[in-house]
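One-letter residues, chain by chain:
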Protein chains: 2
Amino acid sequence: MTSREGSASAPVAFSDHDHAACVEDTLAAAEEVCAERGLRLTPVRRKVLELLLQEHRALGAYAILDLLRDAGFGSQPPVAYRALDFLVKNGFVHKIERLNAFVACVHPGETHSPAFMICRKCDAVAEAQSTPLKGALGAAARSTGFQIERTVVEAEGLCPDCAEASGS
Amino acid sequence: MTSREGSASAPVAFSDHDHAACVEDTLAAAEEVCAERGLRLTPVRRKVLELLLQEHRALGAYAILDLLRDAGFGSQPPVAYRALDFLVKNGFVHKIERLNAFVACVHPGETHSPAFMICRKCDAVAEAQSTPLKGALGAAARSTGFQIERTVVEAEGLCPDCAEASGS
DNA sequence: CCCTCTATGTGATTTTATAACATTTCAGAG
DNA sequence: CTCTGAAATGTTATAAAATCACATAGAGGG
């Protein structure tokens, strides 16, 4: 696995944006959603979400665990996994199955079918929407009678920056 | 993880078919493709493909390893993983990321973008085609300049049989 | 035959994830 | 305020998935 520590050179998503504001805003939005729904955004959970927002890419559970330890939280796997379970279940974080890693959702709260573009070179992850019921898969599901409950849609390739760097 | 041993009650794919012939035919097709391309379908590799075709659903690497041991092959993880690497790389087998498991391809040889429907109840897996460049994900990739090399498309839900069994 | 490249066998280790149980925290009932 | 029960956290241990490293065996070309 390529290096996933250190936020110094963390690649931002494919388009530039005000990252500090993006972290603040999303965190505030999450607080609000939790308040509305009676969910408890406890310190560990909030910290995990904050870390994922800051990195702005997929982090493995054990990378998160290291960062949690640095922040003074418990350092055993269940600490990270339980916080991630909560965040995933409530739509604040998505799991990237291809990487066994986790990434903060860019529009938390709303239920949606995410799709991801994963750069194989710099590990950047961008979230897009998928429309699972349209297209070939939806047609196949309808024709066989399969009831789709959840979809995993992940594209692996080169992000714009890395494509350019490696001579297109 | 639910039981994955024993082929007695293994669910076939969503539509009935002549399973024995399907195993034979696909195995023969794989032999042919390997001959054409100068690939070596060695005993272990052939056996792994055969096991996956017989089960007709996703098997974890360690489940495959158990079956290999029963068949008299080496029983250490690399034996299974190396055979699977070969089969995946050459398009005879697909990995189901959601399950960390492997399933035989239904039309080996041809390069294609598979999509899967995974029953959460009986573990049956059906393969369909995806059209990654059409639809929302393709549009997102084009507009950001992301170069898609490979896609993972997996739908989780209830297969027709299980949907009916659990009262629709 | 010998050399080389590929494939296999095997032991050890790393990475990812969960089980089980004790302890703490906190909101609401009384 | 205090008790209480449920939810959350801490911690030890273990399971499951995947890879590393190195030795051995086989197939093919010269």
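Given the structure is predicted, the values throughout are model-derived calculations rather than measurements.

**Topic: the pattern of salt bridges**
Working step 1: Tallying each qualifying case throughout the model produces 17 salt bridges over all chains.
Working step 2: For Arg-120 of chain B, the salt bridge goes to Glu-149 of chain A, with nearest N and O atoms at 2.7 Å. Of the two residues, Arg-120 of chain B sits in the loop between strand S3 (114-119) and strand S4 (125-129) while Glu-149 of chain A sits in strand S5 (residues 147-158), which places them in two different chains.
Working step 3: Given the relative accessible area of 46%, Arg-120 of chain B is considered partly exposed.
Working step 4: Judged by its relative accessible area of 44%, Glu-149 of chain A is partly exposed.
Working step 5: Of the charged contacts in the structure, one is a salt bridge between Glu-97 of chain B and Arg-150 of chain B, with a shortest N-O distance of 3.7 Å. Within this pair, whereas Glu-97 of chain B is found in the loop between strand S1 (93-96) and strand S2 (101-104), its partner Arg-150 of chain B is found in strand S5 (residues 147-158), the two being separated by 53 residues in sequence.
Working step 6: Glu-97 of chain B sits in the buried class, given a relative accessible area of 4%.
Working step 7: Residues participating in the shared-partner salt-bridge network are Glu-97 and Arg-150 of chain A together with Arg-98 and Glu-156 of chain B.

**A closer look at the relation of the copies chain B and chain A**
Working step 1: At an RMSD of 0.1 Å, chain B and chain A line up after a rotation of 180° and a shift of 0.0 Å along the axis. These values place the two chain copies in the arrangement generated by a two-fold rotation axis. Measuring from the rotation axis to each C-alpha of chain B, the shortest distance belongs to Val-153 of chain B, at 2.3 Å.
Working step 2: The overlap is high: 100% of the interface residues of chain B also sit at the interface in chain A, so the same surface is used on both sides.

**Some remarks on the side chain of Asn-90 of chain B**
Residues and elements named next belong to chain B.
Working step 1: Counting through the fold element by element, Asn-90 comes out in the loop between helix H4 (77-89) and S1.
Working step 2: Note on Asn-90: relative accessible area 16%, which makes it buried.
Working step 3: A distance of 2.8 Å separates a polar atom in the side chain of Asn-90 from the backbone oxygen of Phe-86.
Working step 4: Asn-90 has contacts with Arg-37 and Leu-39, leaving out every residue within four places of it along the chain.

**Points about the environment of Ala-104 of chain A**
Residues and elements named next belong to chain A.
Working step 1: The topology assignment puts Ala-104 in strand S2 (residues 101-104).
Working step 2: You can call Ala-104 buried: its relative accessible area is 11%.
Working step 3: Counting along the chain gives 54 residues from Ala-104 to Glu-50, while the straight-line C-alpha distance between them is 8.6 Å.
Working step 4: Setting aside chain neighbours within four positions, we find Ala-104 in contact with Leu-49, Leu-52, Leu-53, Phe-92, Val-93 and Glu-127.

**Things to note about the protein's contact with DNA strand D**
Working step 1: Contacts to DNA strand D come from 18 residues, most closely from Thr-42, Gln-76 and Arg-82 of chain A together with Tyr-62 and Lys-95 of chain B.
Working step 2: Within the side chain of Tyr-62 of chain B, one N or O atom sits 2.6 Å away from a base nitrogen of DNA strand D.
Working step 3: Between DNA strand D and the protein, one listed contact pairs a phosphate oxygen with a side-chain N or O atom of Lys-95 of chain B at 2.8 Å.
Working step 4: When contributions to the surface near DNA strand D are tallied by element, the ones reaching two or more residues are helix H2 (43-55) and helix H4 (77-89) of chain A together with H4 of chain B.
Working step 5: For the surface near DNA strand D, the element with the highest residue contribution is H4 of chain B, accounting for four residues.
Working step 6: For the surface near DNA strand D, the per-class residue count stands at eight nonpolar, four polar and six charged.

**Looking at the interface of chain B and chain A**
Working step 1: Contact with chain B, which involves 36 residues of that partner, is made by 37 residues of chain A.
Working step 2: Of the roughly 2,900 Å² buried at the junction of chain B and chain A (both faces included), carbon and sulfur atoms supply 59%.
Working step 3: The largest per-residue losses of area from chain B upon contact with chain A belong to Met-117, Leu-137 and Phe-146 of chain B, which jointly make up 21% of the total buried on that side.
Working step 4: Between the two partners, chain B and chain A, sit six salt bridges.

**A short note on unusual backbone geometry**
Working step 1: Residues other than glycine seldom take positive phi values, yet Asn-100 of chain A does so here, at roughly 45°.
Working step 2: Its place among the elements puts Asn-100 of chain A in the loop between strand S1 (93-96) and S2.
Working step 3: Under the relative-accessibility criterion, Asn-100 of chain A is labelled partly exposed at 45%.
Working step 4: Backbone geometry at Asp-123 of chain B places phi at a positive 70°, although glycine is not the residue there.
Working step 5: Tracing the chain through its elements places Asp-123 of chain B in the loop between S3 and S4.
Working step 6: A relative accessible area of 6% places Asp-123 of chain B in the buried class.

About the criteria used
Residues numbered from 1 in each chain as written. Chains lettered and ligands numbered in written order. Predicted model: local features only at pLDDT ≥ 70, side-chain atom pairs only at ≥ 80, totals over all residues. Heavy atoms only, no water. Salt bridge = Lys/Arg side-chain N within 4 Å of Asp/Glu carboxyl O. Helix = DSSP H or I, 4+ residues; strand = E, 2+ residues; numbered from the N terminus. Buried < 20%, exposed > 50% of the residue type's maximum accessible area, 1.4 Å probe, protein only. Least-squares fit on C-alpha atoms with pLDDT ≥ 70 in both. Contact = heavy atoms within 4.5 Å. Polar contact = N/O pair within 3.5 Å; in protein donor to acceptor, adjacent residues only side chain to side chain. Near = heavy atom within 4 Å. Nonpolar A, V, L, I, M, F, W, Y, C, P; charged D, E, K, R; others polar. Buried area = accessible area lost by both parts, 1.4 Å probe.

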